[in-house]
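# Fold and geometry: a report
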Amino acid sequence: MATVQNEPDFDFARSPADKMLFLKHVQSELNEIRKEVEETCVAVSEVEPVPESGYDETLALLERMSRDVPMPDMMWLEDGGIGLEWRPGNGIVTMSLYGDNRVTFVAILDDQREIAGTCPLSDSILLPSFLATLPEFFRQH
């Protein structure tokens, strides 16, 4: 599992100019992941490529994030998905997308509280609630 490093490290922005910069940054990271996946799949047959829908869903999900959530580390999951990871304080928050219109999320906080779930990207209760809670993990640290 390789990690694409974030440069520069900035918060999600919502002004038109900043949104364009944000989208370029995310697309650049997704292109790096795509290149890594393609190179690895040529050399190793046991790994799963990320379907194109996985890249699209990742971009769409990141566009929904609050501007109070920092840019995640983005990585290829060798079982065919894209992983997003944040490390607020001593905790960890991950989201995984596989191009199947679902997202799996896990948050383990420094006091060992855990939130985990899997839901459709179109979910109108669980996913919006998790996304609304995500900025709170970073305010506490």
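Below you will find a few notes about this structure. Keep in mind that this is a model prediction, so the values were computed, not measured.

Thresholds, definitions, all that
- Residues numbered from 1 in each chain as written.
- Predicted model: local features only at pLDDT ≥ 70, side-chain atom pairs only at ≥ 80, totals over all residues.
- Heavy atoms only, no water.
- Helix = DSSP H or I, 4+ residues; strand = E, 2+ residues; numbered from the N terminus.
- Expected span 1.5 Å × (residues − 1).
- Contact = heavy atoms within 4.5 Å.
- Axes fitted to C-alpha atoms, helices over the stretch in contact; angles between N-to-C directions.
- Parallel < 35°, antiparallel > 145°, perpendicular 65-115°, else oblique.
- Left-handed = near helix turned anticlockwise from the far one by under 90°.
- Nonpolar A, V, L, I, M, F, W, Y, C, P; charged D, E, K, R; others polar.
- Salt bridge = Lys/Arg side-chain N within 4 Å of Asp/Glu carboxyl O.
- Buried < 20%, exposed > 50% of the residue type's maximum accessible area, 1.4 Å probe, protein only.

### Some remarks on helix 3 (residues 126-139)
Under the 1.5 Å per step criterion, the end-to-end length of helix 3 is 21 Å for 14 residues, consistent within 8% with the ideal 20 Å. Buried-residue contacts for helix 3 involve helix 2 (52-64), strand 3 (81-86), strand 4 (92-97), strand 5 (102-108) and strand 6 (114-120).

### Focus on the packing of helix 1 (residues 16-43) against helix 2
It is at 11 Å that the axes of helix 1 and helix 2 come closest, and there the two elements cross at 150°. Judged on the interaxial angle alone, helix 2 and helix 1 are roughly antiparallel. Here helix 1 and helix 2 pass one another in a crossing that is right-handed. Packed against helix 1, whose contacting residues are Lys19, Phe22, Leu23, Val26, Gln27, Leu30, Ile33, Arg34 and Val37, the element helix 2 presents Glu52, Tyr55, Thr58, Leu59, Leu62 and Glu63 at the interface. Tallied by class, the residues present in the contact of helix 1 with helix 2 amount to 9 nonpolar, 2 polar and 4 charged.

### Re the pattern of salt bridges
Side chains bearing opposite charge may pair, as long as their charged atoms lie close to each other. Within this structure, the stated rule accounts for 4 salt bridges. Put simply, glutamate 85 and arginine 87 hold a salt bridge, and the shortest N to O gap is 3.0 Å. A relative accessible area of 17% means that glutamate 85 is categorised as buried. Residue classification places arginine 87 among the exposed residues on the basis of a relative accessible area of 55%. Across the salt bridge formed by glutamate 136 and arginine 139, the nearest N and O atoms sit 2.3 Å from each other. Residue glutamate 136 and its partner arginine 139 are located together in helix 3, separated by 3 residues, close to a single helical turn. On the accessibility criterion, glutamate 136 (35% relative accessible area) is partly exposed.

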